[in-house]
Amino acid sequence: MTDDVDIVVLGGGSAGYACALRASQLGLSVVLIDRDRLGGTCLHRGCIPTKALLHVAELADHAREAPDLGVMMEVRDIDLDRVHDYKDAVVERLARGLEALVASRGIEVVAGVGRLVGPGEIEVDGRRITGRHVVLATGGRPKQVRGIDIDGQHVLTSDDALELDRIPESVIVLGGGVIGCEFASLWRSLGAEVTIVEAQAHLLPTEDATASKHLERAFRRRGITFKLSSLVDKVERTADGVRVVLASGTELDATALLVAVGREAVVDGYADVGVTVKDGLVVTDKRLRTSLPDVFAIGDLVAGPQLAHRGYAHGIFVAEEIAGLAPTPVRDEGVPRVTFTQPEVAAVGLTEAAARAAYGDDVECVSYDLSGNGRSLILGSGGVVKLVRRRGGPVVGVHVVAARAGEMIGEAQLITNLELSPDEVARLVHAHPTQHESLGEAHQALVGRALHGH
């Protein structure tokens, strides 16, 4: 059976379904193909379930801290069955809502494993679907490490960790990036002893060094240990769990090991039909066109930060590109990023190192400590706001470490994307008492008008 539509989207995650919805909105006919339920990694195995579990972890932390504030309560136990019921209910509600939304737009959803067989042609279980345009949105999967066998019980991927039927007594997290740090924070809050092993010199190595150092201090205070600039030599199973032997000879024992060294793009079979793939990613131009005519690639398939909201923006962009609207390409520097640890780390724009690489010595920075911020003291959280500015020009990077940093980064996104001058932001009146006002204070400091600086 052959179909002929305007757009065939292969992959129903954040990038794929956004593309399908926007294309339908623009009057284009769309077929959306996915082997699983719509929503992809973000909804089912990433953003949403992990943040649901992190919310539970935050409640456990609050309960432990409550007696110090006069509220007498304690954490007697963690009922993981009920925790998973809560997490799964959140996911299911969002999944059903998405499925209903897509159905209401007249988008045909085809369940099955799609395979690109040529320009404009996708095959699904013997059915040939042709489209004037094809959008590849097959997303990513957890990276594997050669020599480390995943068993789903003691040696885990992030997918396994989301469904684990116990809280590990002790856990080693291999990888100190976003995924590794979030699970480390989660498990520590639920009572596990946690050690992170990271090959780079800092946790969250792609973030600004100031933010990474603040998170490291916070993790030390919470009892999370970490081995930086450390490589793994081998992993062995023990009677009680696992043993990780570092290249230095140090041996670490735990009941579980999480392999969180990042994610890889699902590009299986693309090169066989002429799509250029380099270093495991689909090569595109600035308008996300691949080497095949009328075939686009979006989201985690394309070099850059692997973020659901970036993929979502890619999907909208490509739909509008196909419709002839000539949209502005998505700038990775303008995409905010959040690590949902305790405290959270949020950023948008350039790190200080990236800014200096781009502009040399023509860069100035200011860091505003949140220890004097009233709302932060109320929440029991310190932190920092760091601004990176091209001298005499706009702010090109904002970095925040705070208990609610993810809720602050929206204003920072406007500041960097609109290229506002520090003086323009410093004159804005920020509500008090909020953590947001620290953004205003930091900009006042940058223009030499700080009232609360030391």
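Computed from a predicted structure; not experimentally measured.

About the criteria used
- Residues numbered from 1 in each chain as written.
- Predicted model: local features only at pLDDT ≥ 70, side-chain atom pairs only at ≥ 80, totals over all residues.
- Heavy atoms only, no water.
- Helix = DSSP H or I, 4+ residues; strand = E, 2+ residues; numbered from the N terminus.
- Buried < 20%, exposed > 50% of the residue type's maximum accessible area, 1.4 Å probe, protein only.
- Contact = heavy atoms within 4.5 Å.
- Areas by Shrake-Rupley, 256 points an atom, 1.4 Å probe, with all protein chains shown as cover.
- Lys, Arg positive; Asp, Glu negative; His and termini not counted.
- Charge placed at Lys NZ, Arg CZ, Asp CG, Glu CD.
- Domains from an automatic or database assignment.
- Buried area = accessible area lost by both parts, 1.4 Å probe.
- Salt bridge = Lys/Arg side-chain N within 4 Å of Asp/Glu carboxyl O.
- Polar contact = N/O pair within 3.5 Å; in protein donor to acceptor, adjacent residues only side chain to side chain.
- Nonpolar A, V, L, I, M, F, W, Y, C, P; charged D, E, K, R; others polar.
- Core = buried A, V, L, I, M, F, W, Y, C linked by side-chain atoms within 4.5 Å.
- Axes fitted to C-alpha atoms, helices over the stretch in contact; angles between N-to-C directions.
- Parallel < 35°, antiparallel > 145°, perpendicular 65-115°, else oblique.
- Left-handed = near helix turned anticlockwise from the far one by under 90°.
- UniProt positions renumbered as here; feature names shortened; annotations may be inferred.
- Pairing = 2+ DSSP bridges.
- Patch = residues over 30% accessible without salt bridge, like charges linked within 9 Å, V, L, I, M, F, W, Y side chains within 5 Å.

### Observations regarding the overall build of the chain
And then number 1: In terms of regular secondary structure, the chain is built from 13 helices and 24 strands.
And then number 2: Overall size of the chain, expressed as C-alpha extent along the three principal axes, is 70 × 60 × 45 Å.
And then number 3: Looking at the chain as a whole, 50% of its 454 residues are labelled buried.
And then number 4: Here the contacts in the chain between residues at least 6 apart in sequence split such that 61% fall between residues at least 24 apart.
And then number 5: Accessible surface, the chain as shown: approximately 20,900 Å² in total, 50% of it carbon and sulfur.
And then number 6: Averaged over its 47 positive side-chain charges, the chain has a centre that lies 3 Å from the centre of its 63 negative ones.

### As for the domain arrangement of the chain
And then number 1: With domains assigned, the chain is organised as domain 1 (5-142 + 264-332), domain 2 (155-261) and domain 3 (343-447).
And then number 2: Relative placement of domain 2 and domain 3: their C-alpha centres are 29 Å apart.
And then number 3: Taken together, the contacts link nine residues of domain 2 with 11 residues of domain 3.
And then number 4: Both faces considered, domain 2 and domain 3 share a buried interface measuring about 820 Å² in area, 70% of it formed by carbon and sulfur atoms.
And then number 5: Counting across the domain 2 and domain 3 interface gives one salt bridge.
And then number 6: Asp208 is paired through a salt bridge with Lys386; the nearest N and O atoms lie 2.9 Å apart.
And then number 7: At the boundary of domain 2 with domain 3, the tally comes to three residue pairs in polar contact (both at pLDDT 80 or more).
And then number 8: Across the side of domain 2 that touches domain 3, the residue classes tally to four nonpolar, three polar and two charged.

### Things to note about the nonpolar core
And then number 1: Grouped together as the largest cluster of nonpolar side chains are 48 residues, with contacts concentrated most on Ile33, Val135, Leu136, Tyr270 and Val318.
And then number 2: Elements supplying a minimum of two residues to this core: β1 (2-10), α1 (14-25), β2 (30-34), α4 (80-104), β5 (121-124), β6 (127-136), β19 (295-297) and α8 (308-322).
And then number 3: Of the residues forming this core, the biggest block, six residues, is contributed by α1.
And then number 4: Beyond its immediate sequence surroundings of up to four residues, Val318 is in contact with Cys19, Val135, Leu288, Phe296 and Ile298.
And then number 5: Counting 35 residues, the second largest nonpolar core, distinct from the first, contains Val56, Leu190, Leu204 and Ala256.

### Overview of the packing of helix α3 (residues 47-65) against helix α6 (residues 178-189)
And then number 1: Viewed as axis vectors pointing N to C, α3 and α6 meet at an angle of 40°, and their least axial separation amounts to 8 Å. Here α6 runs oblique to α3, going by the angle between their axes. In this structure, the crossing between α3 and α6 has a hand that is left-handed. Of the residues in α6, those in contact with Thr50, Lys51, Leu53, Leu54, Ala57, Ala60, Asp61 and Arg64 of α3 are Glu182, Phe183, Leu186 and Ser189.
And then number 2: A breakdown of the residues in the contact of α3 with α6 according to their chemical character gives six nonpolar, two polar and four charged.

### Looking at the UniProt feature "binding site: FAD" (unreviewed entry) in the chain
And then number 1: This chain's UniProt record puts "binding site: FAD" (unreviewed entry) on Lys51, Gly114 and Asp300. Annotated residues spanning 250 residues; largest pairwise C-alpha distance 29.8 Å, indicating distribution over more than one region.
And then number 2: Following the sequence through the fold, Lys51 ends up in helix α3.
And then number 3: Judged by relative accessible area, which is 26%, Lys51 ranks as partly exposed.
And then number 4: Residues within four places of Lys51 in sequence aside, it is in contact with Glu182 and Phe340.
And then number 5: Inspection of the secondary structure puts Gly114 in strand β4 (residues 114-118).
And then number 6: Setting aside chain neighbours within four positions, we find Gly114 in contact with Leu10, Ile33, Ile122, Glu123 and Val124.

### Observations regarding the sheet that holds strand β24 (residues 395-402)
And then number 1: Pairing is antiparallel across the open sheet formed by five strands, whose spatial order is β20-β21-β24-β23-β22. Of all strands in the sheet, those bounded by a partner on one side alone are β20 (337-339) and β22 (363-369). Each strand axis lies, on average, 10° off the axis of its neighbour in the sheet, ignoring direction.
And then number 2: Bridging between β22 and strand β23 (residues 384-390) involves seven bridges; their strand directions are antiparallel. Bridging from a neighbouring strand, Cys365 pairs with Val388 of β23.

### Considering the UniProt feature "active site" (unreviewed entry) in the chain
And then number 1: Per the UniProt entry, the sites bearing "active site" (unreviewed entry) are His432 in this numbering.
And then number 2: You can see His432 is positioned in the loop between α12 (422-426) and α13 (437-446).
And then number 3: Exposure remark for His432: the relative accessible area of 63% places this residue in the exposed category.

### What to know about a positive patch on the surface
And then number 1: A cluster of basic residues, Lys213, Arg217, Arg220 and Arg221, forms a positive patch on the protein surface.
And then number 2: With respect to the helices and strands, Arg220 occurs in helix α7 (residues 209-222).

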